[in-house]
Each structure stands twice: as C-alpha cells, then as structure tokens.
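# Chain and residue survey
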Amino acid sequence: LNYMFNVKYCIGLYDSTFSDVDEVAHDENMKLYKVKREGSLGYMVDDAVREWNPIKTQLFDGQNDFAGKATGEDPFFTVLPRDATVEVGYGKLKEKENGKFSFVVVDEMTGVLVTYIVPEDMDLYMYSYIDKEYGFRQVKVDGQVVYQDDEYRTAGTIHIGNVKKGQKVTLMQIVARCIGEEAEFQYQFASYDDEQYEKIYEKLSESTLKVDTFEDTYIKGTIDAKRDGIMMTSIPAKDGFSVYVDGNKTEFEAVGNAFIGVPLSACNHTIEFRYATPYVKERAIISLIGLFAFVVICFIEKIVLKKQNDEQIA
C-alpha cells in the first residue's frame, strides 16, 4: 500500500499501524515514521493490471492480486484460516456464512475479544472491521501491548510483527455510541513474506517516473520503460486531468477504478500531467442563464410593482 499510494512518511503512535518503516522523530503525542522502500509517482506495470478490482476482494487478497497482475509475481501475503475465538461479554460468537460475527451492543463497554494462537513462526498482520464506530482497540502478544488507539473508526490493519508458534494474540475492540443496536464484526490474519515482496518491489522499481517539474496544476517527468505496459500513478483518475506523452495528448485509464494509468511502449518517454478545473464552460453557461433569469425576474417585478402603484393612484 505504501508503494501503491507513493507514501513517504507516516504519523502515528505505533509502528504497528504501518509496515516497513523507521521512526525518525517524535514528540509527546505522535511519532514520525519514514517508509524504507518508497514508491514513485509513476511506475511501469503489466497490462494485466487492468483486471485488478480492489473493491471485490478482501484487503490482503486485494494487495496480492495487485502484485500478481502488476508484476506477475507470486503473493506475498498468506491469508490464514479464521480459527480464532471470537467472543463478547455474554458469550462466544459463531461465525456466519459470510465470514462475519453478529452481536448486540448492550452497554457502553460492549466489545469484541479475539483470541488467536499463532500456528507457526511468522511476520503477522491483522485486519479487523466493525460496522459501528469503535472507541478503543488494543492488541496484545502474550499479554504485552503492541498496539492501542482510541480513534473513532470502523476498520484498520495492524502489523503485529514477528511472532513465534504458540504465542497468544488478543484483540480487544470496544464499540461506542450504539447501545441496543446489532453490530457486525470481521477479522483476518495474514503472514507476510518479506523476501517475496522484495522481488515485487524490485520489479515495480525497474522503471519509475523521474519528476522534473511539480506544480499545483502541472507535472512533468521522464521514464525509461523497460517493457511495454502501463505506467500506473498515484494520481486520482478524475475529470480535469489530461496526459501528454512525448508532447502528444494520450487517453489515460482508471486502474482499479481509482488511479491514472498511461499505456506506454518500451522506450524513453517524456510525460506531462495537466489539470484544469472541469466543466468551466458549462458552469459559465449555467451562471449566465441564472444571471439572465435573475434580470428577467427583477424586470417583471418592477413592471408588476409599477402597475400596482398606478392602480392605487388611480
């Protein structure tokens, strides 16, 4: 995700909120982390990335799918079986067919407790989701806190880190402000293979966009594409952007229904991104129509008032 979104720095209380980062600064409330393996604003990927749809997949599966379609490499996450114990204050919860757990929020301290016994040595990640805002989340490994927050949100990923077979991982997640309502909970554990990700990272880093000019509405750079494919960017694919390749306007694609992707042949290219506020002409026309209507209404009111005054005088 860091590479995909071109993330350079992260701010948080725990490094477990992120992955592949080093702490570089801190104060009393927050810590600043720098990503070890950074991405670029644009990088070459395989044509198969057109088939990638993150909306239809779970979090870890979606990242695996992106890496596979973008580079042709094997997955770097292994999603683990959901064999943890999930319970609330009034008992153990049973998993539904859709992989979710339902429970009723009975008071302000109602929460979910997940207990997971690590099946083998691994670098462990966890994802959790509740369809209600929660007020507290804490993760422990053998009783030692590795992550804690009290932000109001519904989902999040935690990098628990290197764990040993037989260790006990617990997640406690308190739900807030929805007493009497039914809530749904979902979780997922996955092991991370850093060596496999390194292969993916090297492929993604083979051909990257070197930015020469970066302004509010204009970006220019060069890329040495080693193979035919798509230059994927972290720029949102929205109205107003236009792309020029070697001086020629080129239609871009929306990779993952989200990011600008530019088809390129294997060659050195100069790339320009230009942004202009969309629908300026249409908005101007609508504004003129509105102004004209306002003038007409004022004119009609003036005539009506004059007529009424004349009638009163008469």
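Residue positions are given per chain, counting from 1 as you read along its sequence in written order. Totals for whole chains, interfaces and linings use all residues, but because this is a predicted model, local features are given only for residues with pLDDT of at least 70 and pairs of side-chain atoms are given and counted only at 80 or more. Calculated side-chain values reflect all of the structure's heavy atoms, with hydrogen atoms and water omitted.

## Structural notes on the sheet that holds strand E19 (residues 248-250)
Filter applied, for reference: Should DSSP find at least two bridges between two strands, the strands are regarded as paired. We count a stretch as a helix when DSSP gives it H or I for four or more residues in a row; a strand needs E for two or more, and each element gets its number in order from the N terminus. To define axes, lines are fitted to C-alpha atoms, for helices over the stretch in contact only, and angles between the resulting N-to-C directions are given on a 0 to 180 degree scale.
As summarised here, the arrangement of the five strands in space is E15-E16-E22-E18-E19, forming an open sheet in which the pairing is antiparallel. For this open sheet the edge positions go to strand E15 (210-214) and E19, each flanked by a neighbour on one side alone. In this sheet, neighbouring strand axes are inclined to one another by 25 degrees on average, regardless of whether the strands run parallel or antiparallel. For strand E18 (residues 241-245) and E19, the ladder comprises three bridges, and the chain directions are antiparallel. Within the sheet, the bridge partner assigned to Val243 lies in E19 and is Thr250.

## What about the pattern of salt bridges?
To keep things clear, this is the line we draw: We define a salt bridge as a contact between a side-chain nitrogen of Lys or Arg and a carboxyl oxygen of Asp or Glu at a distance within 4 Å. Burial classes follow relative accessibility: with a 1.4 Å probe on protein chains only, a residue under 20% of its type's maximum area counts as buried, one over 50% as exposed, and anything between as partly exposed.
Taken as a whole and assessed by the stated rule, the structure comprises 18 salt bridges. As a salt-bridge pair, Glu38 and Lys8 come within 3.4 Å of each other at their nearest N and O atoms. Linking Glu38 in the loop between strand E3 (31-35) and strand E4 (42-45) with Lys8 in the segment before strand E1 (9-12), this pair joins segments that are 30 residues apart in sequence. Owing to a relative accessible area of 29%, Lys8 belongs among the partly exposed residues under this scheme. Among the salt bridges present, the one from Glu253 reaches Arg50, with a minimum N-O distance of 2.8 Å. Remark: Arg50 occurs in the loop between E4 and helix H1 (59-71) and Glu253 occurs in strand E20 (residues 253-255); sequence separation between them is 203 residues.

Coordinates in, geometry out; function isn't part of it.
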